[in-house]
Amino acid sequence: MQPKTLQWQFVTFARILFAIHLLYSGGAYIFFGWVPSAFFNPASPVGRFMVELDTIGLYPLVKYLEFTLGLFALANRFTPLVAVMEFPITIMIAYLNLFVEGAIAPRHYYTGVQELAINVAVLLGYGAYYRSMLNARNAPKWLWQSADERPPAAERSASQLPIWFIFAGLMAVVMAASWFLGSADRRLPPRDWLPPVLSFITMLALMRVARPAVESRI
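Residues numbered from 1 in each chain as written. Predicted model: local features only at pLDDT ≥ 70, side-chain atom pairs only at ≥ 80, totals over all residues. Heavy atoms only, no water.

## Overview of the overall build of the chain
Then, number 1: Within the chain, the secondary structure is distributed over seven helices and zero strands.
Then, number 2: Taken from N to C terminus, the helices and strands of the chain fall in the order α-α-α-α-α-α-α.
Then, number 3: Expressed as a percentage of the 218 residues in the chain, the buried residues total 27%.
Then, number 4: A separation of at least 24 residues holds for 61% of the contacts in the chain among residues at least 6 apart in sequence. (Helix = DSSP H or I, 4+ residues; strand = E, 2+ residues; numbered from the N terminus. Buried < 20%, exposed > 50% of the residue type's maximum accessible area, 1.4 Å probe, protein only. Contact = heavy atoms within 4.5 Å.)

Listed below in structure tokens is the structure:
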């Protein structure tokens, strides 16, 4: 993208605005201990929510994360990843402002829209990096594989011993953790062992269904 194009100017402006927004939000708390006024208002649902987040240490974590992400965005390093990492926080802030506090003080409507607009502008500005994520169906690929790399031909293996070993090891860890960490009345509940068992059986079924279609193209 050429620096003089309108696209470059708009996206770069949005990135810098996004970075400064995060640095301001995180830095105000980190360096000055600033928190929203709702923090001290017992009548505010969001205020009570933030107090509880602060009690368990999650509110400071969010602020330090925002400040760190702001530094990366300002330096234009890993910007697509930064925008994705911040988006869940943006959604939470926008929801609290638009649907919880907005009815109490209209000013929060602006804050909610602002949070969404800035983050979404950066997501759209770097949208090409997410294109492969928007495919309806995706073949498994490791982090080090290219998104455009064609999957290798199916291996004709007479044994599925390796995956059985992996599954057996996983279940051994799950069962041991569920037994030794659970209370006397909560050892080996179905919610611990049933999902991995069903997932493994479903994976084997899908593999058997997909194999004839793959072999017919070889």
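## Describing the packing of aromatic side chains
Then, number 1: Evaluation of the coordinates by the stated rule reveals ten aromatic pairs.
Then, number 2: With centroids separated by 5.5 Å and ring planes inclined at 75°, the aromatic side chains of F31 and F67 adopt a geometry described as edge-to-face. Residue F31 is located in helix α1 (residues 6-32), and its partner F67 is located in helix α3 (residues 58-74); the two are separated by 36 residues in the primary sequence.
Then, number 3: Aromatic pair F167 and F200: ring centres 4.0 Å apart, planes at 10°, arrangement stacked. One end of the pair, F167, is in helix α6 (residues 161-181); the other, F200, is in helix α7 (residues 190-216), and 33 residues separate them in sequence.
Then, number 4: You can call F167 buried: its relative accessible area is 15%.
Then, number 5: Aromatic rings pair up to connect Y29, F39, F40 and Y59 into one cluster.
Then, number 6: Its end group placed over the ring of W179, R187 keeps NZ or CZ at 4.9 Å from the ring centre. (Phe/Tyr/Trp six-rings, centres within 6.5 Å; stacked < 30°, edge-to-face > 60°. Lys NZ or Arg CZ within 6 Å of the ring centre and 35° of its normal.)

## Re the side chain of T79
Then, number 1: Residue position: T79 is located in helix α4 (residues 79-101).
Then, number 2: On the basis of relative accessibility, which here comes to 1%, the residue T79 falls in the buried class.

## Quick look at helix α5 (residues 107-125)
Then, number 1: The terminal C-alpha atoms of α5 lie 28 Å apart, and with 19 residues this matches the ideal 27 Å at 1.5 Å per residue to within 8%.
Then, number 2: T111, G112, E115, I118, N119, A121, V122 and L123 are the residues of α5 that are buried.
Then, number 3: Looking at the buried side of α5, the elements it contacts are α1 and α4. (Expected span 1.5 Å × (residues − 1).)

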